[in-house]
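Topology and contacts: notes
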Amino acid sequence: MSNQPGSSTAAEPDQPDTTDPVDEAAPEAGPDHPAGAPGTPVLALLAVGWLAAMLWSTREAITSAAAGLTAISLSAFALPGVISAALVAGTAVALAANELAARRLGDRAGVRFAAAIGAGMLVGLGTALAINLTYADNATTNTIAGTSAAAAIIGGAIAGARIAAPVGAVVAAALGTLLFVVAFSRARDPLFDLFGSDGSQASLVTAAKWVSRTESLLAGLLAGLLVFGYLTWARRRAVRRDPATPALRWPVYLVAGAGPGLLLLLAEVIIRIGGRTLLDLAGALSEADAVAQTSLGTSRIDNGIWVLFVGALTALILFGRTLGPAPRDEDDEPTES
């Protein structure tokens, strides 16, 4: 009966029923990969370059030490920078491999996670080999190599998440934060004078506290700015490719803004577990070394917490400023009069 002329008008209302499931299913494919991570090869190259620079500077510092005890102390001081760089490099390279696997082999969770873990393991293996081949062969070297390899593999696991854009934002912001901390070291001496350091022990401690807080505050602001800028870039790029791509909601900006601080705190956990032997050796050299290691560890934790909260708030506030005013209900106006 559907072939009769009179039944054509009856068949027209059925057409939306056959097309609506397709239209509703289209947006559901978007959240699986709502906004890809742009610029992952560049992030990977920058992160690997930063890791190489940290390994080289650490090696130069250790080999220039005149005595073995000094080498142990310098290795303990350099360990946090190497671990943080290995964690970020493992995440960045694994994210690039994750995105490449999604484009070449399909957007399947198992394939993406396997590619990310494999890339993280390669970075960890390469880092460990570079350390063992270029550093002096001793227990200190093995500790740095093993802990760095573990950090890179953990970074690969982080990049295995399917939310590529937020992970890319965290990597970009973490890398920017690490670079900022090194650049900020040039401004520490003038800031000590600005915060009232007159050479006495009490004034030095007070000034050091304010310098550390200033550094952490600025690092958190930079992290939030980079996260927001990267997510905005990823969103615009995704919309150009598919206008139906769902928008990122505020929790994504909040978590991504906190991501660099979380990476710093995760690096501290890795340092205290994998590098405990080296830290204990350095702390046992003298009472001053023990106090220095304890103080530096506390400072790193405080810095991570500051970057976490300031970065999250900065990214969330910037996202909130992009929201337009809520539409006014015209029916409410007569009731006010």
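Residues numbered from 1 in each chain as written. Predicted model: local features only at pLDDT ≥ 70, side-chain atom pairs only at ≥ 80, totals over all residues. Heavy atoms only, no water.

1. Some remarks on the overall build of the protein
A count of helices and strands for the protein gives 13 helices and 0 strands. Secondary structure elements of the protein occur, N-terminal to C-terminal, as α-α-α-α-α-α-α-α-α-α-α-α-α. Looking at the protein as a whole, 40% of its 337 residues are labelled buried. Across the protein, contacts joining residues at least 24 apart in sequence account for 83% of those joining residues at least 6 apart. (Helix = DSSP H or I, 4+ residues; strand = E, 2+ residues; numbered from the N terminus. Buried < 20%, exposed > 50% of the residue type's maximum accessible area, 1.4 Å probe, protein only. Contact = heavy atoms within 4.5 Å.)

2. Things to note about the packing of aromatic side chains
Per the stated rule, a full pass over the model turns up 4 aromatic pairs. Plain terms: the ring middles of tyrosine 253 and phenylalanine 319 are 4.4 Å apart, the flat faces sit at 25° to each other, and that makes the pair stacked. Of this pair, tyrosine 253 sits in helix 10 (residues 250-274) while phenylalanine 319 sits in helix 12 (residues 287-321), and the two are 66 residues apart along the sequence. The two residues tyrosine 253 and phenylalanine 319 agree in class, both being buried. What links up through ring pairs into an aromatic cluster is the set Phe228, Tyr253 and Phe319. The residue whose ring lies beneath arginine 213 is tryptophan 210, and the NZ or CZ to ring-centre distance is 5.2 Å. (Phe/Tyr/Trp six-rings, centres within 6.5 Å; stacked < 30°, edge-to-face > 60°. Lys NZ or Arg CZ within 6 Å of the ring centre and 35° of its normal.)

3. As for a nonpolar patch on the surface
Nonpolar side chains collect at one region of the surface, where Leu217, Leu218, Leu221 and Trp306 lie side by side and expose about 310 Å² of accessible area between them. With 3 residues, the single largest contributor to the nonpolar patch is helix 9 (residues 201-241). With respect to the secondary-structure elements, leucine 217 resides in helix 9. (Patch = residues over 30% accessible without salt bridge, like charges linked within 9 Å, V, L, I, M, F, W, Y side chains within 5 Å. Areas by Shrake-Rupley, 256 points an atom, 1.4 Å probe, with all protein chains shown as cover. Salt bridge = Lys/Arg side-chain N within 4 Å of Asp/Glu carboxyl O.)

4. Concerning a positive patch on the surface
A contiguous patch of positive charge, built from Arg103, Arg104, Arg236, Arg240 and Arg241, is present on the exposed surface. Every element with two or more residues in the positive patch is listed here: helix 4 (68-105) and helix 9. Take the positive patch: its biggest share by element is 3 residues, from helix 9. Note on placement: arginine 236 falls in helix 9. (Lys, Arg positive; Asp, Glu negative; His and termini not counted. Charge placed at Lys NZ, Arg CZ, Asp CG, Glu CD.)

5. Quick notes on the pattern of salt bridges
Per the counting criterion, the structure on display carries 3 salt bridges. Among the ionic contacts, a cluster of salt bridges with common partners joins Glu268, Arg272 and Arg300.

6. Some remarks on helix 5 (residues 109-134)
Over its 26 residues, helix 5 extends 38 Å from the first C-alpha to the last, a length consistent with the 38 Å expected when each residue adds 1.5 Å. Every buried residue of helix 5 is listed here: Arg112, Ala116, Ala119, Gly120, Val123, Gly124, Thr127, Ala128 and Ile131. (Expected span 1.5 Å × (residues − 1).)

7. What about the side chain of glutamine 293?
Within the fold, glutamine 293 resides in helix 12. You can call glutamine 293 buried: its relative accessible area is 11%. Excluding residues within four positions of it along the chain, glutamine 293 makes contact with Ala76, Phe77, Leu279, Ala282 and Gly283.

8. Comments concerning the side chain of serine 75
Structurally, serine 75 can be placed in helix 4. Ignoring any residue separated from it by four or fewer positions in sequence, one finds serine 75 in contact with Ile62, Thr140, Ile144 and Leu278.

9. Comments concerning the packing of helix 10 against helix 12
Taken N-terminus to C-terminus, the directions of helix 10 and helix 12 make an angle of 170°; their axes are 6 Å apart at the nearest point. What the angle tells us is that helix 10 and helix 12 run roughly antiparallel. Taken together, the residues that form the contact of helix 10 with helix 12 break down as 17 nonpolar, 7 polar and 3 charged. (Axes fitted to C-alpha atoms, helices over the stretch in contact; angles between N-to-C directions. Parallel < 35°, antiparallel > 145°, perpendicular 65-115°, else oblique. Nonpolar A, V, L, I, M, F, W, Y, C, P; charged D, E, K, R; others polar.)

10. Some details on the confidence of the model for the protein
Per-residue pLDDT for the protein averages 80, and the proportion of residues at 70 or more is 82%. Predicted confidence in the protein is weakest over helix 2 (residues 15-29), with a mean pLDDT of 38, and strongest over helix 10, with 93. The model gives residues 1-34 a pLDDT under 50, and that stretch makes 14 contacts with residues more than four places away or in other chains. (pLDDT = per-residue confidence, 0-100.)

11. Some words on helix 10
For helix 10, spanning 25 residues, the distance from its first C-alpha to its last is 35 Å, which sits close to the expected 36 Å at 1.5 Å a residue. If you look at helix 10, its biggest bend is around 40°, right at glycine 259, and the proline proline 260 turns up within four residues after that. (Bend = angle between axes of the 7 residues up to and from the residue.)

12. Details of the environment of alanine 219
With respect to the element layout, alanine 219 can be found in helix 9. A relative accessible area of 0% places alanine 219 in the buried class. Between the C-alpha atoms of alanine 219 and asparagine 303, which are 84 residues apart in sequence, the distance is 8.7 Å. Excluding its chain neighbours within four sequence positions, the residues that come into contact with alanine 219 are Thr177, Phe180 and Val307.

13. A closer look at the environment of isoleucine 144
Structurally, the position occupied by isoleucine 144 is in helix 6 (residues 139-159). Spatially, the C-alpha atom of isoleucine 144 lies 9.2 Å from that of asparagine 132, the residues being 12 residues apart in sequence. Apart from residues no more than four positions distant in its own chain, isoleucine 144 is found in contact with Ile62, Ser75, Leu79, Val82, Ile131 and Leu278.

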